Amino acid sequence: MSENSRSQPRIVPLEPPFAPAVAEELARWQPPGKDPIALFRTLTRHLPLARTIYPLGRYFLGNESSLAIRDREIVIDRVCARCACEYEWGYMRACLAAPRARRIGARGNRRARP
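Residues numbered from 1 in each chain as written. Predicted model: local features only at pLDDT ≥ 70, side-chain atom pairs only at ≥ 80, totals over all residues. Heavy atoms only, no water.

Draft legend 1. The arrangement of helix 2 (residues 20–29) in detail. Among the residues making up helix 2, those that are buried are Val22, Glu25, Leu26 and Trp29. Down the axis of helix 2, the smallest arc covering the buried residues is 100 degrees, so these residues share one side. Exposed positions of helix 2 whose direction lies more than 90 degrees from the buried face are Pro20, Glu24 and Ala27. On its buried face, helix 2 is in contact with helix 3 (38–43) and helix 4 (47–61). (Buried < 20%, exposed > 50% of the residue type's maximum accessible area, 1.4 Å probe, protein only. Helix = DSSP H or I, 4+ residues; strand = E, 2+ residues; numbered from the N terminus. Arc of directions from axis to C-beta. Contact = heavy atoms within 4.5 Å.)

This is the structure in structure tokens:
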């Protein structure tokens, strides 16, 4: 992949201010208090698609998925790295930092879970 193709997405994510219908849909996808990630802002360029794919995304990222949490995170990390999704990569690191900090000791050794 050339450097130019990595710097410019094929479909540019929406930027704020969002239309009311887009803001409402983004609120469903994103946890409260967080800015919507580029993936969600790209999906909401076509609201019928975003509304239709939401249940599928919720399934894949929810507790009913057939993939274990660890496997899901590996898939997400690999896709982010492959597609140079720096913002999403940073978002995933931030989301995982708090739970991971409880399991990892100061030297990086795993602690026994309580």
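Draft legend 2. Seen up close, the confidence of the model for the protein. Taken residue by residue, the protein gives an average pLDDT of 77. The fraction at 70 or more is 68%. Looking across the protein, the model is least confident in helix 1 (residues 3–7), with a mean pLDDT of 55, and most confident in helix 2, with 95. (pLDDT = per-residue confidence, 0-100.)

Draft legend 3. Quick peek at the packing of aromatic side chains. In this structure the tally under the stated criterion is 2 aromatic pairs. Judged by centre distance (5.1 Å) and plane angle (45 degrees), the rings of Trp29 and Phe40 are tilted. Of this pair, Trp29 sits in helix 2 while Phe40 sits in helix 3, placing them 11 residues apart in sequence. The pair formed by Trp29 and Phe40 is uniform in burial state, with each residue classed as buried. Ring centres of Trp29 and Tyr54 lie 5.2 Å apart, and the angle between their planes is 80 degrees; on these two criteria the pair is classed as edge-to-face. A residue pair is termed long-range when its members are at least 10 positions apart, and Trp29 in helix 2 and Tyr54 in helix 4 qualify at 25 residues. Tyr54 shares its class with Trp29; the two are buried. Aromatic rings pair up to connect Trp29, Phe40 and Tyr54 into one cluster. Note that Arg28 overlies the ring of Tyr54, its terminal NZ or CZ placed 3.9 Å from the centroid. (Phe/Tyr/Trp six-rings, centres within 6.5 Å; stacked < 30°, edge-to-face > 60°. Lys NZ or Arg CZ within 6 Å of the ring centre and 35° of its normal.)

Draft legend 4. Local environment of the packing of helix 2 against helix 4. For the pair helix 2 and helix 4, the least separation of the axes is 11 Å and the interaxial angle reads 20 degrees. Between helix 2 and helix 4, the angle falls in the class roughly parallel. By crossing handedness, the relation of helix 2 to helix 4 is classed as left-handed. In contact with Ala21, Val22, Glu25, Arg28 and Trp29 of helix 2, helix 4 contributes Leu47, Ala50, Arg51, Ile53 and Tyr54. In terms of residue class, the contact of helix 2 with helix 4 is built from 7 nonpolar, no polar and 3 charged. (Axes fitted to C-alpha atoms, helices over the stretch in contact; angles between N-to-C directions. Parallel < 35°, antiparallel > 145°, perpendicular 65-115°, else oblique. Left-handed = near helix turned anticlockwise from the far one by under 90°. Nonpolar A, V, L, I, M, F, W, Y, C, P; charged D, E, K, R; others polar.)

Draft legend 5. Highlighting the pattern of salt bridges. Taken as a whole, this structure holds 3 salt bridges when the rule is applied. Among the salt bridges present, the one from Arg41 reaches Glu15, with a minimum N-O distance of 3.0 Å. Of this pair, Arg41 sits in helix 3 while Glu15 is found in the loop between helix 1 and helix 2, placing the two residues 26 residues apart along the sequence. Measuring nitrogen to oxygen at the nearest pair gives 3.0 Å for the salt bridge that ties Arg28 to Glu25. Pair noted here: Arg28 and Glu25 are both in helix 2, with a separation of 3 residues, about one helical turn. Judged by relative accessible area, Glu25 falls into the buried class, the value being 4%. (Salt bridge = Lys/Arg side-chain N within 4 Å of Asp/Glu carboxyl O.)

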